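What follows is each chain in one-letter form.
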Amino acid sequence: MNTKERAPLGFEDELNDFDPAAFAKPKRAANDKPKPEEAKKAAEAAGFRSREPVKAPVVPEEPAAPPRRRRTGRNAQINIKTRAETIEAFTRIADANGWGLGETFERAIELLTREHPTK
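First, a word on what this report is: a plain description of the structure on this page. Since the structure is predicted, the reported quantities are computational estimates derived from the model, not experimental observations. (Residues numbered from 1 in each chain as written. Predicted model: local features only at pLDDT ≥ 70, side-chain atom pairs only at ≥ 80, totals over all residues. Heavy atoms only, no water.)

### Regarding the overall build of the protein chain
If you tally the helices and strands in the protein chain, you get four helices and zero strands. Counting from the amino terminus, the protein chain carries its helices and strands in the arrangement α-α-α-α. For the protein chain, the C-alpha radius of gyration of 42 Å lies well beyond 14 Å, the compact-globule estimate for 119 residues. Once the C-alpha set of the protein chain is aligned to its principal axes, its extents read approximately 130 × 40 × 30 Å. For the protein chain, the exposed area adds up to about 12900 Å²; of that, 55% sits on carbon and sulfur atoms. (Helix = DSSP H or I, 4+ residues; strand = E, 2+ residues; numbered from the N terminus. Rg over C-alpha atoms; globule rule 2.2 N^0.38 Å. Areas by Shrake-Rupley, 256 points an atom, 1.4 Å probe, with all protein chains shown as cover.)

### Points about the environment of Arg 107
For Arg 107, the location among the structural elements is in helix α4 (residues 101–115). Counting along the chain gives 56 residues from Arg 107 to Arg 51, while the straight-line C-alpha distance between them is 56 Å.

### Here's the deal with the pattern of salt bridges
One pass over the full model with this rule turns up two salt bridges. Notably, a salt bridge pairs Glu 106 with Arg 74, separated by 2.7 Å at the nearest N-O pair. Taken together, the residues span a long stretch of sequence, with Glu 106 in helix α4 and Arg 74 in the loop between α2 (36–45) and α3 (84–97) at a distance of 32 residues. Arg 107 is the partner of Glu 103 in a salt bridge, and the nearest nitrogen-oxygen pair spans 3.2 Å. With Glu 103 and Arg 107 both in helix α4 and four residues apart, this pair spans about one turn of that helix. (Salt bridge = Lys/Arg side-chain N within 4 Å of Asp/Glu carboxyl O.)

### Re a nonpolar patch on the surface
A surface patch of nonpolar side chains, about 470 Å² in accessible area, is lined by Ile 78, Ile 80, Phe 105, Ile 109 and Leu 112. Here Phe 105 is to be found in helix α4. (Patch = residues over 30% accessible without salt bridge, like charges linked within 9 Å, V, L, I, M, F, W, Y side chains within 5 Å.)

### Quick look at the side chain of Thr 104
Here Thr 104 is to be found in helix α4. Apart from residues lying up to four places away in sequence, Thr 104 is in contact with Phe 90, Ile 93, Ala 94 and Trp 99. (Contact = heavy atoms within 4.5 Å.)

### Here we look at a negative patch on the surface
A cluster of like negative charges, contributed by Glu 12, Asp 13, Glu 14 and Asp 17, occupies part of the molecular surface. If you trace the backbone, Glu 12 turns up in helix α1 (residues 12–16). Accessibility expressed as a relative area gives 52% for Glu 12, which makes it exposed. (Lys, Arg positive; Asp, Glu negative; His and termini not counted. Charge placed at Lys NZ, Arg CZ, Asp CG, Glu CD. Buried < 20%, exposed > 50% of the residue type's maximum accessible area, 1.4 Å probe, protein only.)

### Focus: α3
Between its first and last C-alpha atoms α3 spans 20 Å; for 14 residues at 1.5 Å apiece the expected length is 20 Å, and the two agree. Phi turns positive, to about 75°, at Gly 98, one or two residues after α3. (Expected span 1.5 Å × (residues − 1).)

### A few points about the side chain of Thr 91
Mapped onto the fold, Thr 91 is located in helix α3. Here the side chain of Thr 91 touches Glu 88 through a polar contact of 3.0 Å, landing on its backbone oxygen. (Polar contact = N/O pair within 3.5 Å; in protein donor to acceptor, adjacent residues only side chain to side chain.)

### Thoughts on the packing of α3 against α4
Where α3 contacts α4, the axes come no closer than 9 Å and their chain directions differ by 100°. Considering their axes alone, α3 and α4 lie roughly perpendicular with respect to each other. Here Phe 90, Thr 91, Ile 93 and Ala 94 of α3 come into contact with α4, specifically with Leu 101, Thr 104 and Phe 105. Of the residues that constitute the contact of α3 with α4, the class distribution is five nonpolar, two polar and no charged. (Axes fitted to C-alpha atoms, helices over the stretch in contact; angles between N-to-C directions. Parallel < 35°, antiparallel > 145°, perpendicular 65-115°, else oblique. Nonpolar A, V, L, I, M, F, W, Y, C, P; charged D, E, K, R; others polar.)

Put into structure tokens, the structure is as follows:
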């Protein structure tokens, strides 16, 4: 059994004066948080960028085209390629007369049949 005492290390006085409560963090109130503006400024100063989406500027929209869908009993579809100007003219005629696109097409066929009868 070893009964020797340890050699002094030279900081006994500091240990006797040590108060662990001095290192404790102060208690904060539940609502003692930084304001969002302060937090944002501190984050920007530290180089952090927000991940929140930036709202895009409101761009005035073009007036919507009038609705052209109606229950007509038409159930066949045709898909043709044409120039953009032709499509614009076709829809302009339909809108001016209050017709749907299918009805406009049918009237165009009637006129073409009258003007150019099949042989």
